[in-house]
Amino acid sequence: MQRGTSRALFELLSSMRFAISLLTILSIASVIGTVIKQNEPFNAYLNQFGPFWFPVFDKLGLYSVYNAPWFLVILAFLVLSTSLCIARQSAPMLREMRHFREHAREASLRQFGHQASFAPALEGAAAVERTQAYLARAGFQFRANPRSDGTLVAAKQGSAGRLGYFLAHGAIVLICIGGLLDGDLPLRIQIWAGDKQPTTGNQLIASIPDSARMSESNPSFRGNVFIPEGRSANVAVLAVGDNILLQELPFTISLKKFHIDHYENGMPKRFASDILVTDDETGESFEHTVEVNKPLEHRGITLYQSSFDDGGSILELVGHSLLVGETGKLLEFKAEVGEARQIEHPKFRYTLELTNFRAFNIEDMGEGGNATETARGMAKLQEHLGSGAKTPHEKDLRNIGPSYTFKLRDEAGQAREFQNYMLPIVQGGRWFMYSGTRDAQSDPFRYIRLPLDEDGRIDTWFALRQMMFDPENRAEIAARFAARSFGLDDARAPMRDALAQTAAHTLTLFADRGYESVGRFLESTVAATEQERAADVFVKILQGLAWEAWALARERSGMMPLELNQARAQYLNDTLAALSDSLFYGVPVFLQLMSYEERQATVLQATRSPGQPLVYLGSLLLVLGVFAMLYIRERRLFVLLKPNEALVAMSSNRKAMDVDETFQRHVDGLRAALGTAPTDSTLAATDPVRGS
Amino acid sequence: MDIAQPRPSGPTNLPPEALPPQRHWLRQLGTLDWLYALALVLGAIFALREYGDFMDVYDKGILILHVPILAAIGWHWKAFRPYLAAVTVLSLTAITLYHGDLARAEQTFFLKYLISSQTAIMWMSALIFIATGAYWLGLLARSDFGDRTGTALTWIAVVMGTTGLFVRWYESYLVGPDVGHIPISNLYEVFVLFSLITALLYLYYELRYATRKLGAFVMLVISAAVAFLLWYTFTRGAHEIQPLIPALQSYWMKVHVPTNFVGYGAFALAAMVGSAYLLAERGILASRLPALRVLEDVMYKSIAIGFAFFTIATILGALWAAEAWGTYWQWDPKETWALIVWLNYATWLHMRLTKGLRGAVLAWWAVVGLLVTTFAFVGVNMFLSGLHSYGAL
Ligand code: HEM
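If you're wondering where the values come from, they're calculated on a predicted model, not measured in any experiment.

Time to look at the overall build of chain A. The number of helices and strands found in chain A is 18 helices and 26 strands. Over its C-alpha atoms chain A spans a radius of gyration of 41 Å, topping by over 25% the 26 Å that the globule rule assigns to 692 residues. In terms of overall dimensions, chain A has C-alpha extents of about 140 × 70 × 55 Å along its principal axes. Within the span of chain A, comprising 692 residues, buried residues form 48% of the whole.

Okay, here's the thing in structure tokens:
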């Protein structure tokens, strides 16, 4: 009974059916892993799947499918099943490879799909000899068996194809084992058995305890080494879920310089790190440049150019006030990217976290609308003839200068993220300062565009903002606006006063939620059919008010009045749009970058992969095996030489059409070798349709 | 298979004194074969002398390796030789006409309307469509003329397409010496490659099995690829030569990508033969199509060759990944889908070889296999993000 069960289990595990089920499950599991983005921060999943499904998928290991226990179990079963399959097949296959089957009975030969017979001119020993000569030359191995019904010469070729089976299937086992050695498993076993405890990522390296450090002898790992220019590092960071472990390296890497080269069109051309490696043990050091596709191997650890980052650039920042009633620069300071600092003010407190800085931003600033879109028919085809170098639409790739990202975290811990550009960017012939904001990492940045004044500064916009939003100025601006519309004539005072009132109201509305509150007001008070016209009126009023605000601001600071012209009208429109957007900026301060000292950092990946030689060997064997199985054709040819008859039969392990041709060739060849007796009439032909 | 007839074998009907001498396969080659090989050697020497400065050691190695490979292909498949000769002549003509000046693509009649890269690829596209029509005419009207036209046009189309790629290669160096690279680096270029390889594989089997009736089916999938290519050119301007981003600057790319496309091309071919099988099996067009067992054989042969090449390609991809990204396998969506494709065809082969499965199931499977393959080829780039995003649509 016992034996019976294990036998049945063996049969099941080594069966084709089981293997195919495994392959199917493996494929489906792999698909899941490509549909759900793997190894993202947990927060991203929480946002994506919501609080109900998030923990369910987490339990199933769907955020890291390929390291999930159940996935590894499937792989293990595949290894087991393939090994058992090899074990089960090896005896019959080896027998098959060795044996000639020279005892095959005549009756069974006549059952072969490929068989033919003819009366040879030669007989007896001469015929046997001639047959053997033919077979030898045709590349067969053979064995002759003289027996009562004649002599059977049994021949075979291409038995090596069977070796292909062992090579290919053995290779699968090798590759899987090598892959497991290089995967997550060794690390997990060490965590579990070696008392290691992953820790959170946001702390100083020096303060990470020994329990979260892996020793140099760790046989298998893959981690990132972050090195700012001019600094060095001797540890790699290994990610374990949302936490980390530190991997000690047997050498110290110093980054001398990190390079990013660009092509003329702005695409990146080269990422390279000039490093100095100092061996801990020997104290010797050497220089090397690691590039994408040009890794460095040292002491069994391979270093790759993986990515890059800011390495603590120093930024000089100025904070402009967005508070009503408080003008000018609130803050002025220098800060290092990567550091967090408090921003203190009587009215607010924030933590500023400077997260990144980029000195170059190459963007397509083309504004569309060109020949490609208008061409039709033949003209369009013409555009696509010629060399492949032709640009289909005019791209305007430009370096738009440095940008930096930061978060402002309020006292409740809520953070808002910003991306600002240092230099103004031209759009439609006008220049703007860009600043993007967003609440969540998954949202795109929404940009506010502050128009530059005639001196190329943003100060006028801030002054106008103060004027427009400070309730203290409302009455004055409205009065000036009304006066400009109706003059100072007493006769028109009622109309003037009414307009001033409307204007003041408009300002109040606009200062609340910008165009949004103006729009709401229109919707609730004006009939639908009139709304469009009314909106025009309101916009005109706002433009007029902004112009007055500008004039007032200049007057107060003792500057000459301005003439209204088209450019200034456009400036007012842009100002109003930015004013409206600024009400949603979320923080009361606008940071402007005045100057910077860049310091880049490289991120190298350090790996030790003990399984790699196994995988590579397995790959080689796999290729050899697959080719052997598919292209070495195993053939068995039987020639039964009887008095007056030669019976030829052939079998093959692959039932393809070329077997028919080969058989025919051999039959013809044997006929030629043995000659045909005058009375020959062939007894049987093959049925090529069904093959052997 | 005419062995039922008695055959006279000499006046005395005695066996010959000795077996006819068997000649070594090299001896079976004729003068033309050797001239062909000589031309290949000279061509390689010419290329090394003329363009050696642009090649590194690996490039030169691969170039030299091409001599025996192309010789073997040409010896085994004679029709390959005029194809190669035509491509060589046209490409060299284009290069000569260019005089190292890209602007001449607009000024020289031959370049502008025949053999600058874009024009040549447009010719290929048009010819593929017409050839498809001709094959269908041949199939439906039982017209031998239609079939022959289809074959001829397909050959001209692959000549134009291959020339287009070679000229594009040259043009890329004219854009800038640091930009120059082999044109198999983005989705546009590999679609051209796919069309060429599938067409060549088909042309090979057409001769091997002496049937032109499958052209109607196989050319459909090539036409679909070409239609995509045109859409991609006209709406996205995808044909513009772009420099290589750092991850792609590797000699692995030059072997990985073409190997992969032999796989894709063969799988596509198998799927189209599979659909012909499914129709014929239901009696549709059965009298016009080759016998079922021929269809089955072609299907098996092309899946086998596709599988073998796909295996190599996936391994080459892993070797490349190890160098560029530091890990030979990291379950990036593109890698994972390649594995799925591979497992799918491995299962297909097992079903046929170990379970002896035949017929409609395998044909359906080959058709569905093409859907999986297509997803791995373009779908991943469209719907899933990952490290292979340089092929993004
Ligand atoms: C990832 C897993 C596997 C892969 C990729 C794989 C691949 C292959 C390939 C490519 C062939 C050659 C088909 C041909 O000759 O045309 C083959 C044949 C074969 N496989 Fe597998 N195989 C796998 C697992 C298994 C397992 C688990 C078994 C055992 C049940 C098995 C049993 C066989 C047998 C018996 C043959 C036929 C060998 C012959 O007749 O020469 N395979 N396999």
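That was the structure; now back to the text.
Okay, the interface of chain B and chain A next. With 88 residues of chain B at the interface, the matching set in chain A holds 87 residues. In total, about 7400 Å² of surface goes out of reach between chain B and chain A, with carbon and sulfur atoms giving 62% of it. At the surface where chain B touches chain A, the tally comes to three salt bridges. Across the pair K269(A) and D178(B) runs a salt bridge whose closest N-O atoms are separated by 2.8 Å. Scanning the region where chain B abuts chain A turns up 22 residue pairs in polar contact (both at pLDDT 80 or more). When contributions to the side of chain B that touches chain A are tallied by element, the ones reaching two or more residues are α4 (104–107), α5 (109–115), α6 (117–140), α7 (144–175), α9 (215–236), α11 (292–324) and α12 (333–353) of chain B. The biggest single contributor to the side of chain B that touches chain A is α11(B), with 17 residues. The class makeup of the residues in the side of chain B that touches chain A is 50 nonpolar, 22 polar and 16 charged.

All names here are of chain A. A rise of 1.5 Å per residue sets the reference length of helix α18 (residues 658–674), with its 17 residues, at 24 Å; its end C-alpha atoms lie 24 Å apart and thus fit the reference within 8%. Summarising burial for α18: 13 of the 17 residues are buried, a large majority. Backbone geometry just downstream of α18 places G675 in the positive-phi region, at approximately 70 degrees.

Now for the UniProt feature "transmembrane region" (unreviewed entry) in chain A. All names here are of chain A. In this numbering, the UniProt entry assigns the feature "transmembrane region" (unreviewed entry) to residues 12–36, 68–87, 163–181 and 614–632. When the span residues 12–36 is considered, its composition is 88% helix and 0% strand, and the gap between its end C-alpha atoms is 33 Å. Taken end to end, residues 163–181 is 100% helix and 0% strand, and its two terminal C-alpha atoms sit 27 Å from one another.

Rules used in this analysis
- Residues numbered from 1 in each chain as written.
- Chains lettered and ligands numbered in written order.
- Predicted model: local features only at pLDDT ≥ 70, side-chain atom pairs only at ≥ 80, totals over all residues.
- Heavy atoms only, no water.
- Helix = DSSP H or I, 4+ residues; strand = E, 2+ residues; numbered from the N terminus.
- Rg over C-alpha atoms; globule rule 2.2 N^0.38 Å.
- Buried < 20%, exposed > 50% of the residue type's maximum accessible area, 1.4 Å probe, protein only.
- Contact = heavy atoms within 4.5 Å.
- Buried area = accessible area lost by both parts, 1.4 Å probe.
- Salt bridge = Lys/Arg side-chain N within 4 Å of Asp/Glu carboxyl O.
- Polar contact = N/O pair within 3.5 Å; in protein donor to acceptor, adjacent residues only side chain to side chain.
- Nonpolar A, V, L, I, M, F, W, Y, C, P; charged D, E, K, R; others polar.
- Expected span 1.5 Å × (residues − 1).
- UniProt positions renumbered as here; feature names shortened; annotations may be inferred.

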